[in-house]
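Structural description and commentary
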Number of protein chains: 2
Amino acid sequence: MRAMIIESFGGPESFSEVVLPKPEPGEGQVLVKVHATSINPLDYQVRRGDYKEYVPLPAITGHDVSGVIEAIGPGVTAFKPGDEVWYTPEIFAGQGSYAEYHVAHESIVGLKPDALSHLEAAALSLVGGTVWEALITRVNLQVGETILVHGGAGGVGHIAIQIAKAAGARVLTTVSSHNAEFVKSLGADVTIDYKQTDYVEAVLEATDGKGVNVVLDTVGGDTLERSPLVLEQLGRVVSIVDIATPQNLVEAWGRNASYHFVFTRQNRGKLDDLSRLVERGLLKPVVGATYPLSEIGLAHARLEQKSNGLRGKIAIDVTA
Amino acid sequence: MRAMIIESFGGPESFSEVVLPKPEPGEGQVLVKVHATSINPLDYQVRRGDYKEYVPLPAITGHDVSGVIEAIGPGVTAFKPGDEVWYTPEIFAGQGSYAEYHVAHESIVGLKPDALSHLEAAALSLVGGTVWEALITRVNLQVGETILVHGGAGGVGHIAIQIAKAAGARVLTTVSSHNAEFVKSLGADVTIDYKQTDYVEAVLEATDGKGVNVVLDTVGGDTLERSPLVLEQLGRVVSIVDIATPQNLVEAWGRNASYHFVFTRQNRGKLDDLSRLVERGLLKPVVGATYPLSEIGLAHARLEQKSNGLRGKIAIDVTA
């Protein structure tokens with residue numbers, strides 16, 4: 001099978017195409033012909049070596065799969081050859097998704113929703129699972145609450161807007177002005193141009209000075225430190241961006257705030273939860289650009305650019 | 001009535017004794033003859049000016065009341081004169097408890113448990129409410145979980161040990177070695193002498209390398225930053241000590257940790273919850289020292305000393 005590997009950590013040029021034997025499914029595993037994968041900030045962080053103690057080299061990385069089951073190992077009961085499936089490969093364990101074939105334990109695999117193409121499903125698995133974990137499992141977003149989604153036009157943000165709306169929340173989101181209409185079409189109630197205005201002031205203005213119940217941090221920087229300034233009493237911050245910059249949280253006590261730090265965990269249940277929203281028309285990932293597997297380095301380079309003009313996600317067509 | 005007031009923020013010598021008119025209960029309020037009050041780190045923080053924007057001077061401070069209802073205002077339905085009651089006066093609103101009389105809205109007042117003296121009840125109201133808020137309301141400590149209580153011999157710590165045990169948790173706690181037997185008598189399973197050993201190593205050793213589910217921070221310093229090192233996956237940190245020192249939380253994401261910041265809120269329900277544990281013999285505050293109201297400054301000075309030899313709380317006898 002064709003695969004893109006890295007032999008050393010570094011820039012987007014670190015990938016090289018190789019031909020490797022097709023893997024075989026073991027006990028409880030399925031062999032999937034990968035039709036599409038996707039890229040995430042996690043992918044370039046892994047590539048450049050942020051997690052090098054967890055990633056033995058050479059490595060096939062990549063954290064999204066949409067494809068078709070080609071074979072099943074002993075003991076597999078949930079799937080059969082020909083099933084269309086999607087999932088996030090186990091992070092820091094085994095082969096990633098930048099390859100024509102992938103094996104995974106059946107417990108982390110879901111049946112792909114029919115309403116999504118392989119490119120769309122691959123664009124949703126990791127970010128959808130992350131948003132579900134953050135907003136539903138961890139902060140338990142409630143109907144009628146108000147949420148601030150940082151970076152609403154991005155890979156995580158554009159999914160968070162849709163899931164928060166589906167949960168019955170009012171959604172405020174920060175975007176560049178040229179993306180305001182885009183995020184409104186996804187359901188955002190209030191857009192804040194973070195380049196033109198201080199978002200703290202804008203949030204307080206949009207909430208009659210009360211602030212929001214939940215902040216989703218997809219951007220890092222000083223978001224943890226400033227979040228109490230936009231939180232109601234007992235508000236919650238949930239962050240998916242690990243940063244090493246010390247944060248002064250002294251304002252958090254007076255708000256009785258909670259902070260939830262999320263590093264995605266995978267399971268089939270979450271994929272099925274996402275599928276229900278997709279099938280009901282409440283959730284659809286936006287694929288802003290598509291690259292062939294052989295150009296994965298170019299795709300990485302684009303995602304890493306600060307002003308990349310992207311809306312939603314970059315998908316990778318593995319059949320191209 | 002006699003009262004201890006501060007006319008300017010400063011050291012323990014800032015208190016002076018004055019005689020003021022007895023307050024009168026308004027709509028929904030009760031007038032309480034104060035038998036006992038207590039002191040907490042919050043009290044010396046208020047006295048020295050940490051919250052000066054919320055405390056107009058001159059001020060009667062103090063955050064614990066145990067006493068007897070002398071009169072009730074219009075509309076009061078839950079209490080009658082002669083009822084023994086306990087509560088935490090509303091923080092940053094109205095008069096505090098360092099006085100012979102106090103008025104409060106009935107909604108924050110509870111019937112004092114018979115099993116406690118006024119000195120004991122006054123020693124429990126604020127710290128008990130804080131621990132209940134932290135461990136039960138906010139982190140939802142579960143039967144079978146393991147908790148690390150920092151500062152187990154202190155005012156908050158010695159109550160936290162008892163409530164955590166009553167909730168069915170295994171309790172590890174940091175203490176000076178001379179307090180090890182004391183906290184064991186309250187129910188602590190494992191004591192860690194933080195002066196002799198690194199508590200992170202000690203916690204991992206006592207939990208077969210797995211860590212704890214919950215950390216209660218009553219000490220500040222770098223506890224927020226180091227807590228992920230002793231946490232299991234999805235562990236929770238709850239802190240009642242607001243600190244302005246920036247904290248590097250980069251280890252929190254990998255543990256999927258949550259942090260809860262608590263600044264006590266008062267209500268009758270929490271007092272009644274505490275009373276049930278007291279009446280069942282599961283919770284009893286320890287009064288390590290008692291001072292008369294006129295010596296409140298000496299009591300403050302003692303609590304502020306790092307090595308004050310105290311176990312549990314300082315109570316103030318307002319009838320002396």
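All of these numbers come straight from a predicted model, not from anything done at the bench.

1. Topic: the overall build of chain A
Along its length, chain A carries 9 helices and 15 strands. The C-alpha atoms of chain A give 20 Å as radius of gyration, which agrees with the globular expectation for 320 residues (20 Å, within 12%). Across its three principal directions, the C-alpha atoms of chain A cover 60 × 40 × 35 Å. When the 320 residues of chain A are sorted by exposure, 58% land in the buried category.

2. Focus on the packing of helix α2 (residues 118–138) of chain B against helix α7 (residues 268–279) of chain B
All names here are of chain B. Taken N-terminus to C-terminus, the directions of α2 and α7 make an angle of 100°; their axes are 10 Å apart at the nearest point. In terms of orientation, α2 and α7 fall into the roughly perpendicular class. On the side of α2, the interface is formed by Leu124, Ser125, Gly128, Gly129, Trp132 and Glu133, while α7 contributes Lys270, Leu271, Asp273, Leu274, Leu277 and Val278. Of the residues in the contact of α2 with α7, the class split is 6 nonpolar, 3 polar and 3 charged.

3. Quick look at the UniProt feature "domain: Enoyl reductase (ER)" (unreviewed entry) in chain A
Residues annotated by UniProt as "domain: Enoyl reductase (ER)" (unreviewed entry) correspond here to residues 10–316 of chain A. Between the end C-alpha atoms of residues 10–316 of chain A there is a gap of 20 Å, over a span that is 27% helix and 25% strand.

4. Looking at the packing of aromatic side chains
The final tally for this structure, using the stated rule, is 16 aromatic pairs over all chains. Ring geometry for A:Trp253 versus B:Phe261: centroids 4.7 Å apart, planes at 70°, classification edge-to-face. Within this pair, whereas A:Trp253 is found in helix α7 (residues 251–254), its partner B:Phe261 is found in strand β13 (residues 258–261), the two belonging to separate chains. On the accessibility criterion, A:Trp253 (2% relative accessible area) is buried. For the ring pair B:Phe92 and B:Phe263, a centre distance of 6.0 Å and an interplane angle of 25° mean the geometry is stacked. One end of the pair, B:Phe92, is in the loop between β5 (84–87) and β6 (101–105); the other, B:Phe263, is in the loop between β13 and α7, with 171 residues separating them in the sequence.

5. A word on the interface of chain B and chain A
Accessible area lost upon the coming together of the parts is a frequently used measure of interface size. Contact residues are listed per partner, giving 28 residues for chain B and 28 residues for chain A. Regarding the contact of chain B and chain A, the summed buried area is about 2300 Å², with carbon and sulfur atoms giving 60% of it. Looking at the side of chain B facing chain A, the largest losses of area belong to B:Trp253, B:Asn256 and B:Phe261, adding up to 33% of the total buried there. Linking chain B to chain A there are 0 salt bridges. In this structure, the connection of chain B to chain A is made through 18 residue pairs in polar contact (both at pLDDT 80 or more). Where the side of chain B that touches chain A is concerned, the elements lending two or more residues are β12 (231–239) and β13 of chain B. Ranked by the residues each element gives to the side of chain B that touches chain A, the list is headed by β13(B), at 4 residues. The residue makeup of the side of chain B that touches chain A, split by class, is 16 nonpolar, 9 polar and 3 charged. In terms of strand pairing, strand β13 (residues 258–261) of chain A meets β13(B) through 3 bridges, oriented antiparallel.

6. Section: the relation of the copies chain B and chain A
The second copy of the chain is related to the first by a rotation about an axis and a shift along the axis. Mapping chain B onto chain A calls for a screw motion: a turn of 180° about the axis and a shift of 0.0 Å along it, with 0.0 Å RMSD after fitting. One copy is carried onto the other by what is essentially a two-fold rotation axis. Looking at chain B, 100% of its interface residues are interface residues in chain A too, so the copies touch through the same face.

7. So, the side chain of B:Asn40
All names here are of chain B. Along the chain, Asn40 turns up in the loop between β3 (29–39) and α1 (41–48). Residue class for Asn40 comes out buried when judged on its relative accessible area of 3%. Of the polar contacts made by the side chain of Asn40, one reaches the side chain of Asp64; its length is 2.8 Å. Non-local contacts of Asn40, meaning those with residues more than four positions away in its chain, are made with His63, Asp64, Leu126, Val127, Leu303 and Lys313.

8. Some words on the domain arrangement of chain A
Residue and element names in this part refer to chain A. When the domains of chain A are assigned, the result is domain 1 (2–126 + 265–317) and domain 2 (128–261). Computed from C-alpha coordinates alone, the two centres of domain 1 and domain 2 are separated by 27 Å. Taking both partners together, domain 1 and domain 2 bury about 1600 Å²; carbon and sulfur atoms supply 56% of that area. On the surface where domain 1 and domain 2 come into contact, there are 1 salt bridge. One salt bridge connects Glu133 with Lys270, and the closest N-O pair in it is separated by 2.6 Å.

9. Some words on the nonpolar core
By size, the foremost hydrophobic cluster in this structure holds 80 residues, and its most contacted members are B:Tyr87, B:Leu135, B:Ile147, B:Leu216 and B:Ile314. Take this core: its biggest share by element is 8 residues, from α2(B). There are two domains that each give this core at least three residues, and those are domain 1 (2–126 + 266–317) and domain 2 (130–261) of chain B. Excluding residues that lie within four positions of it along the chain, B:Tyr87 makes contacts with B:Val32, B:Asp64, B:Val65, B:His102, B:Ala104, B:Ile108, B:Val109, B:Gly110, B:Ser125 and B:Leu271. Of all hydrophobic cores here, the second largest spans 79 residues; its members include A:Ile6, A:Phe15, A:Ile159 and A:Leu277.

10. Some thoughts on the pattern of salt bridges
Residues and elements named next belong to chain A. The full count for this structure, using the stated rule, is 26 salt bridges over all chains. One salt bridge in this structure joins Asp83 and Lys80, with 2.9 Å as the shortest N-O distance. Asp83 sits in the buried class, given a relative accessible area of 12%. Given the relative accessible area of 52%, Lys80 is considered exposed. Through salt bridges with shared partners, a single ionic network connects Arg2, Glu17 and Glu100.

What counts and what doesn't
Residues numbered from 1 in each chain as written. Chains lettered and ligands numbered in written order. Predicted model: local features only at pLDDT ≥ 70, side-chain atom pairs only at ≥ 80, totals over all residues. Heavy atoms only, no water. Helix = DSSP H or I, 4+ residues; strand = E, 2+ residues; numbered from the N terminus. Rg over C-alpha atoms; globule rule 2.2 N^0.38 Å. Buried < 20%, exposed > 50% of the residue type's maximum accessible area, 1.4 Å probe, protein only. Axes fitted to C-alpha atoms, helices over the stretch in contact; angles between N-to-C directions. Parallel < 35°, antiparallel > 145°, perpendicular 65-115°, else oblique. Contact = heavy atoms within 4.5 Å. Nonpolar A, V, L, I, M, F, W, Y, C, P; charged D, E, K, R; others polar. UniProt positions renumbered as here; feature names shortened; annotations may be inferred. Phe/Tyr/Trp six-rings, centres within 6.5 Å; stacked < 30°, edge-to-face > 60°. Buried area = accessible area lost by both parts, 1.4 Å probe. Salt bridge = Lys/Arg side-chain N within 4 Å of Asp/Glu carboxyl O. Polar contact = N/O pair within 3.5 Å; in protein donor to acceptor, adjacent residues only side chain to side chain. Pairing = 2+ DSSP bridges. Least-squares fit on C-alpha atoms with pLDDT ≥ 70 in both. Domains from an automatic or database assignment. Core = buried A, V, L, I, M, F, W, Y, C linked by side-chain atoms within 4.5 Å.

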